[in-house]
Amino acid sequence: MATPEQDNKEHARRFNEEVWGKSNLDAIDHLVADDFVGYNPARPEPLRGADGVREVAELLQAAFPDCEVELEQVLADGDWLTQRVTVSATHEGEFMGIAPTGKQVEITGISVTRFEDGKWVEGYELWDIFGLLQQLGITELPVDTTGEPEQSSTPTHSQPFSESAVENLREQARGEVLLPGGDGYDEARTIWNAMIDRRPAVSVRCAGTADVIGAVDFAREHDLLLSVKGGGHNVSGNAVCDDGIMVDLSQMTSVRVDPTAKTVRVEPGVTMADLDHETQAYGLATPGGVVSMTGVAGLTLGGGWGWLSRTYGLAIDNLRSVDIVTADGELRRVSEDENPDLFWGVRGGGGNFGIATSFEFDCYEVGPEVLAGLIVHPFEDAADLLRFHREVTAEAPDELCCYAAILTAPPEPFLPEEVHGSPVFAFALCYSGDVEEGERTVKSLRDYGDPIADLVDTYPYTAFQQILDDGYQPGVRNYWKSRFIDSLSDDAINLVLEYAESRPSPLTEILIEHQGGAITQIEPEATAYYHRDAELTFNILSRWEDPTEDEEHIEWTQQFFEAMAPYSANGVYVNFLGEEGEERVKAAYGDNYDRLVELKNTYDPDNLFRMNQNIKPTV
C-alpha cells in the first residue's frame, strides 16, 4: 500500500511532467484544488484555485518557454513534501520588464507542497529571483527613497514606465490613453469571454492609424507586452494583457462601400453587423462570420468563414489589400502587388506580423433576402439526424451551407413551451443562390423526420446573420475545443451523443460547421491558411456563468475533446484555439508553418506581436 510520502512524490512528478515537461497549462486545472490560495507579489489580491498557479506558470513559460525542471527531494513528512527545484532555461520572453536576452539561466528555489486526493491543496515556493536577475545582467533592484507610498483604494500593478512617458503618449494620441483606476479603464479591458480578467498597465483607444503607430512605438521603446483588441470576441482572450499595453481598435469603425467596383474598405474595430449593415444597403455582402458581434479584423486574419464561404470562399480569399503597422512602427500597404510576402502571411497568419488598420474586400450580390433558417428536432432523433447530415453535406451544392447543433431549447415563442430548457437538435442552413432553386435543394432537409419547428423562410440577410447571436452573448465564461473532421462515423456519432447527454451546462453547445465548396478551390500554399480540404469543423463550445464551476466544465470539455481524437482529421482552425501550446499552433498551419516563421523573422524578429497564437521567430 502506498504511503502519503510515495503518493506525494507521484503527484509532484505528475505536476512536473504535465505542466513543465509538456507545457500543458490546462493540466493545472486537474492538479490544483479549488481552495488553494496563490499569492503573487505583483498582484495585491490572492487568486484561488488553479488561477494562482497558472498565473505564475504563464509568467515563467512566457519568459522561459523551453525549460528543463529538476526536482530533488529534501524531506517527505506525511502529507508534506519539500523539494529543491532547479530550472534550466533560455530567456526568450519578457520577464519583470526585462526584454528577452537569449541568455542561458538557472533558476533555483524551494517548493513545499501538500497533496490530497491527487491535487495540490497547499503550497509555498521560494525562488531566488535576485539571483536570476543577476544572470540577466540586472545587478541592483530599484529602491523607493521617496518615503511612504501614496495610498490608493484601487489595486494596481507596478507601472513599467514613467508618468512623463504617459503624458507624451497622451499628447501624441488623438484617442484616449487609459490607466488603471481611471474612467473607462475597466470598460475597455472587459471583453466577450468572462473568464478573461487581465489588467494592462496602459490602454490606448486608438482614433486612427497614427495612434496605432504611436502605441507600437511606445511598446517597443518600453519593452512592453502588447495586445490588440478589435472586436474582443475571441475565446482565447488575447485582446487583453497583464501589465503591458493594450492597443484598443474598437473605436475605429469606418466602413466605406464602393458599389460600382463592388468593394468595401473597413477599419479594424468594425463588427460583422456593422459591415453587413453598410454593404446590404447596396445589395452586397462579403463572406465572414455567423455571429454578428464578431470583429472583422480578428476573424479575417485567422481565415474567416461564414454562411457564404462555401459559395465565395473565406474572408481572406476576398481580401484585396490590408494596411498594417509592423513592429518597426512603419505603415505598409500589402496586396498581391505590394509586399506580397506579407500579404500571404496576413491571410491566415493571425496577428503575428503587425496591427492591421484597414481591410479592403471584394463583395458579391447577395440578398437583400436569402433562403435560410433553423429546423429544430427532438434530441431523441439526433443519431438519425447526424447520419442524415453526413449524407446531405457530402453532396450539397456550393450554395448550401448547413450546420448541425445540439443545444438547449431557448424559451422562444417559435418553440412549444414543453421543450423549453430541454436538449434539442437543430439544422441551421443558408442558401446563397436563387431562392426557388434553394427551395428545391433544401426540401429533403425540411421533409426529414418530425421536426418540432421549421423556421426556414426568406429572411433579410442582415437578420439571418444575427440568428445565432442570442446564444453567444458576452459576460459568460467560455472554454472551447475544436477539431477538423472529414465526416462523423457511426461510432463517432454515438460518442457525441454520450457526451451530449452529460453536458454540465445548458449554455454549452456542440456545433458541426459545414465547410468545403469554394474554400477548397484554392491551393493550401496560396495563403497562410492551410487546411482547405477540411469538410467539417467539430466544436465543443462550453459556456457557463458560475466561476466556481470552472474546473467541472473544463474537465468535461477536455475529456470530450480527447475522446474525439480518433475520429478527427489533422489540424485546427486558428481562430478557435485557446491556450493550447506550440504544437497546436503548428497543427493549425501545417506545411505553411516554416514559411510563416521566416516571415516572422523578417517583420517581427523580437516577437513584439506575441499575444496571439504565436509563431515564434528563430533569429
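Cut-off values and rules
- Residues numbered from 1 in each chain as written.
- Predicted model: local features only at pLDDT ≥ 70, side-chain atom pairs only at ≥ 80, totals over all residues.
- Heavy atoms only, no water.
- Core = buried A, V, L, I, M, F, W, Y, C linked by side-chain atoms within 4.5 Å.
- Buried < 20%, exposed > 50% of the residue type's maximum accessible area, 1.4 Å probe, protein only.
- Helix = DSSP H or I, 4+ residues; strand = E, 2+ residues; numbered from the N terminus.
- Contact = heavy atoms within 4.5 Å.
- Pairing = 2+ DSSP bridges.
- Axes fitted to C-alpha atoms, helices over the stretch in contact; angles between N-to-C directions.
- Patch = residues over 30% accessible without salt bridge, like charges linked within 9 Å, V, L, I, M, F, W, Y side chains within 5 Å.
- Areas by Shrake-Rupley, 256 points an atom, 1.4 Å probe, with all protein chains shown as cover.
- Salt bridge = Lys/Arg side-chain N within 4 Å of Asp/Glu carboxyl O.
- Lys, Arg positive; Asp, Glu negative; His and termini not counted.
- Charge placed at Lys NZ, Arg CZ, Asp CG, Glu CD.

**Student:** Hey, could you run me through the nonpolar core in this one?
**Tutor:** The nonpolar side chains of a soluble globular protein tend to be buried with one another. Counting 79 residues, the largest nonpolar core has Trp307 and Phe359 as its most contacted members. No other element matches the 5 residues that helix α19 (residues 593–603) contributes to this core. Here Phe359 is in contact with Val264, Arg265, Val266, Pro268, Ala297, Thr300, Leu301, Leu319, Ser321 and Val322, once residues within four sequence places are set aside. Among the nonpolar cores identified, the runner-up in size contains 39 residues, and Leu371, Ile406, Ile485 and Val496 belong to it.

**Student:** Sorry if this is basic, but what is going on with the sheet that holds strand β16 (residues 355–362) here?
**Tutor:** The strands making up a sheet are joined through hydrogen bonds of the backbone, oriented either antiparallel or parallel. As summarised here, the arrangement of the 5 strands in space is β11-β12-β16-β14-β15, forming an open sheet in which the pairing is antiparallel. With partners counted over all chains shown, the strands left at the sheet margins are β11 (255–258) and β15 (331–335), one partner each. The average angle at which neighbouring strand axes cross in this sheet is 15°, direction not considered. Across 6 bridges, the pairing between strand β14 (residues 319–325) and β16 is antiparallel. Bridge pairing links Leu319 to Phe361 in β16. Set on the sheet, helix α8 (residues 272–279) makes contact with β11 and β12 (263–266); between it and β11 the angle comes to about 35°.

**Student:** Which parts of the structure should I look at to understand a negative patch on the surface?
**Tutor:** Taken together, the side chains of Glu369, Asp434, Glu436, Glu439 and Asp457 present a region of like negative charge at the surface. Checked against the element boundaries, Glu436 lands in helix α13 (residues 435–441). The exposed category is assigned to Glu436, whose relative accessible area is 55%.

**Student:** Looking at this model, I keep getting lost on the pattern of salt bridges. Mind explaining?
**Tutor:** Oppositely charged side chains can form a pair if their charged atoms are brought close together. A complete count under the given rule lists 30 salt bridges for this structure. Between Glu437 and Arg440 there is a salt bridge, with the nearest N and O atoms lying 2.6 Å from each other. Of this pair, Glu437 and Arg440 both sit in helix α13, 3 residues apart, roughly one helical turn. Its relative accessible area of 34% is what places Glu437 among the partly exposed residues. For Arg440, a relative accessible area of 55% puts it in the exposed group. Across the pair Glu583 and Lys586 runs a salt bridge, and its minimum N-O distance is 3.9 Å. Placement of the pair is Glu583 and Lys586 together in helix α18 (residues 582–589), with a separation of 3 residues, close to one helical turn. Overall, the relative accessible area of 30% leaves Lys586 in the partly exposed class.

Function cannot be inferred from these measures alone, as they are strictly geometric.
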